[in-house]
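Chain and residue survey
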Amino acid sequence: MVCWARCSLLFWTFHLCLCQSLSVCIQTLFIPLGLNQLPFDPANNNEPLQFGSASGPLVTEGLIENGGESSKKRKRTNAPSDFDPALGMMTGIPPITPMMPGLGIVPPPIPPDMPVVKEIIHCKSCTLFPPNPNLPPPATRERPPGCKTVFVGGLPENGTEQIIVEVFEQCGEIIAIRKSKKNFCHIRFAEEYMVDKALYLSGYRIRLGSSTDKKDTGRLHVDFAQARDDLYEWECKQRMLAREERHRRRMEEERLRPPSPPPVVHYSDHECSIVAEKLKDDSKFSEAVQTLLTWIERGEVNRRSANNFYSMIQSANSHVRRLVNEKAAHEKDMEEAKEKFKQALSGILIQFEQIVAVYHSASKQKAWDHFTKAQRKNISVWCKQAEEIRNIHNDELMGIRREEEMEMSDDEIEETTETKETEESALVSQTEALKEENDSLRWQLDAYRNEVELLKQEQGKAHREDDPNKEQQLKLLQQALQGMQQHLLKVQEEYKRKEAELEKIKDDKLQVEKMLENLKEKESCASRLCASSQDSDYPLEKTLNSSPIKSEREALLVGIISTFLHVHPFGASIEYICSYLHRLDNKICTSDVECLMSRLQHTFKQEMTGVGASLEKRWKFCGFEGLKLT
């Protein structure tokens, strides 16, 4: 590795010197001619060169080894004023690269494992200082699947979310930031490759502004973080890819699957006539025969359709003679082809014999001595190859002749056997005629048996059809009964509900009647009081008009409350009194009771008992004391 770095350094040093000398020559040649410089001047561009990669942010990179030596060599070269040593070229002139035509120099590739220098990164409100290059790279955990979130630790105490965004937005689009109070945060990016760029900043020292305070500095530690959102998106993506793969496989299987045969139509008279016409056509015979076979296997043959099927079978039988003639024609064509092949093969063998004879004549001493060694070798090789091919073709031709001889011998044997067969054929024909008669009688018997079985099956089907009709009727009746029962239950429930409503209405009516009677009694009492007040004196009128009790109900309440408080000599709160009264009547209001007791000052009095938080208002009965005062 060191040797490789030194070689590359020597190459680039030689290249720099060459570029400088060429730039000086070009300047001395073209400047006196009045050529103007280009408007773009790389020397005035103070921005650092940016290198973008998928594994890190946009920062400048440079070689580590022998950096000092290269700088010293650059200082020793006396460059002119218009020459920029940082760029290695003259301003206004494009740089000279080793790939230019005329320069047959190709720089060696930089090895991927060569270390690089991380330089200072300047932001608006902070500065990032690179770590020591001699230190090992920061440790990271295993990368979770679909990771888009990073953990950032070592943030300054005074660091804000705006500063974090300013530092890490150059790595890519930030979706969310979750900052903690303990100087760390989690950053979620839009894509996975942005996480690799963020990991490049691990180990950098961050400083806010120009402050040297400990709260304004920190050392960044960036690592992979496991987030449920990332895992969920990754799983969704994997499921989508799996669905696409399954769909692709299914489409491929459907494409490679052989087409299914067309469905066979059911038997009918119309379809039977169509199939019969197709059976007569040679081009549609195979399709029609398949349909006929399917109908017979389905059991479509019965007493009514037997004649139609017999005619179709007869049409199929008529094709036997045609097929035999076609076979004979094909055999004849095959024999002619064999004869042609045999003749062509014999002609080829003759030519092979002639070629081999040429090789043998050339190998004789008269001609052999005049050839060179290479020519003799080639002739001998060609002769061997020709002999091998000739022997193969000769064996093939002999095989064909043997087969023909064997066929001829078979024909002779058949001719001898035919004489014997003619004698036996008479007996065989008689036996076959008897067998045919026997078979026909047996087939007739089977036909009668089948007809009897069909009649029995039809009778059984008729009975079975009646039975399902009865079962269906019973099921319908059961369903109707169930519906009637459900309807009766609903009617009964409605009847009960209406009875309950009537009872409530009756109770309300009784209450209203009682209230009317009470009002009538009150009106009568009021009329009596008015009549008595006219007959009584003025002091009595005053006492009646100033009475705190306005109705009989209030008088009853006063009596009940007095009895309750007489039992409780230390008094009771208004809530306690009302809870006792609510047992007797739920319509009693607490405010009405308190107002009534406050009007009767000589009967009830209110006192404050307790200290501090236990302070409480209690009512006491003072009727006996008030009687003395009144």
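Scroll up to find the structure this text is about.
About the cut-offs
- Residues numbered from 1 in each chain as written.
- Predicted model: local features only at pLDDT ≥ 70, side-chain atom pairs only at ≥ 80, totals over all residues.
- Heavy atoms only, no water.
- Pairing = 2+ DSSP bridges.
- Helix = DSSP H or I, 4+ residues; strand = E, 2+ residues; numbered from the N terminus.
- Salt bridge = Lys/Arg side-chain N within 4 Å of Asp/Glu carboxyl O.
- Buried < 20%, exposed > 50% of the residue type's maximum accessible area, 1.4 Å probe, protein only.
- Axes fitted to C-alpha atoms, helices over the stretch in contact; angles between N-to-C directions.
- Contact = heavy atoms within 4.5 Å.
- Parallel < 35°, antiparallel > 145°, perpendicular 65-115°, else oblique.
- Left-handed = near helix turned anticlockwise from the far one by under 90°.
- Phe/Tyr/Trp six-rings, centres within 6.5 Å; stacked < 30°, edge-to-face > 60°.
- Lys NZ or Arg CZ within 6 Å of the ring centre and 35° of its normal.

Topic: the pairing of strand β9 (residues 184-189)
Where strand β7 (residues 149-153) lies against β9, 5 bridges are found, and the strand directions are antiparallel. Paired with phenylalanine 151 across the strands is histidine 186, a residue of β9. Note that strand β8 (residues 174-179) and β9 share 5 bridges and pair antiparallel. Paired with alanine 176 across the bridge in β9 is arginine 188. What sits between β8 and β9 in their antiparallel hairpin is a turn of 4 residues, with asparagine 183 showing a positive phi close to 65 degrees.

Side note on the pattern of salt bridges
What the rule picks out here adds up to 18 salt bridges. With a closest N to O distance of 2.7 Å, arginine 188 and aspartate 230 form a salt bridge. One end of the pair, arginine 188, is in strand β9; the other, aspartate 230, is in helix α5 (residues 228-256), and 42 residues separate them in sequence. An identical accessibility class is assigned to arginine 188 and aspartate 230; each is buried. With a closest N to O distance of 3.6 Å, arginine 618 and glutamate 616 form a salt bridge.

Quick look at the sheet that holds β8
If you trace the 4 strands from one edge of the open sheet to the other, you get β8-β9-β7-β12, paired in antiparallel fashion. The open sheet has two free edges, formed respectively by β8 and β12 (221-224), since each of these has just one partner strand. Mean inter-strand twist for the sheet, computed between neighbouring axes without regard to direction, equals 20 degrees. Contacts between helix α3 (residues 161-168) and the sheet are confined to β7, β8, β9 and β12, with β8 contributing the most and set at about 140 degrees to the helix.

With respect to the packing of helix α13 (residues 552-567) against helix α14 (residues 574-584)
In contact at an axis separation of 11 Å, α13 and α14 are set at 125 degrees when each is read in the N-to-C sense. Relative to α14, the element α13 is oriented oblique. For the pair α13 and α14, the sense of crossing is right-handed. In this structure, α13 uses Leu557, Ile560, Ile561, Phe564 and Leu565 to contact α14, whose residues at the interface are Tyr576, Ile577, Tyr580, Leu581 and Leu584.

Comments concerning the sheet that holds strand β10 (residues 205-208)
Pairing within the open sheet is antiparallel, and its 4 strands lie in the order β5-β6-β10-β11. If you trace the sheet from one side to the other, it starts and ends with β5 (121-122) and β11 (217-219), each paired once. Both β5 and strand β6 (residues 126-129) contribute to a ladder of 2 bridges, which runs antiparallel. Considered in β6, the bridge of isoleucine 121 is made with leucine 128.

Notes on unusual backbone geometry
The residue asparagine 183 is not glycine, and still its phi comes out positive at about 65 degrees. When you line up the elements, asparagine 183 lands in the loop between β8 and β9.

Structural notes on the environment of leucine 279
Among the secondary structure elements, leucine 279 is positioned in helix α6 (residues 269-280). With 36 residues separating them along the chain, leucine 279 and serine 315 place their C-alpha atoms 6.3 Å apart. Setting aside its immediate chain neighbours within four residues, leucine 279 contacts Phe285, Ala288, Val289, Leu292, Met312, Ser315 and His319.

Observations regarding the packing of aromatic side chains
Under the defined criterion, the tally for this structure stands at 7 aromatic pairs. With 5.5 Å between their ring centres and 40 degrees between their planes, phenylalanine 151 and phenylalanine 184 make a pair best called tilted. Here phenylalanine 184 lies in strand β9 and phenylalanine 151 lies in strand β7, a separation of 33 residues in the sequence. In this structure an aromatic cluster arises from ring pairing among Tyr267, Trp295 and Phe309. We note lysine 118 situated over the ring of tyrosine 200; from NZ or CZ to the ring centre the distance is 4.5 Å. When the ring centre of phenylalanine 285 is taken as reference, the NZ or CZ atom of arginine 322 above it lies at 5.9 Å.

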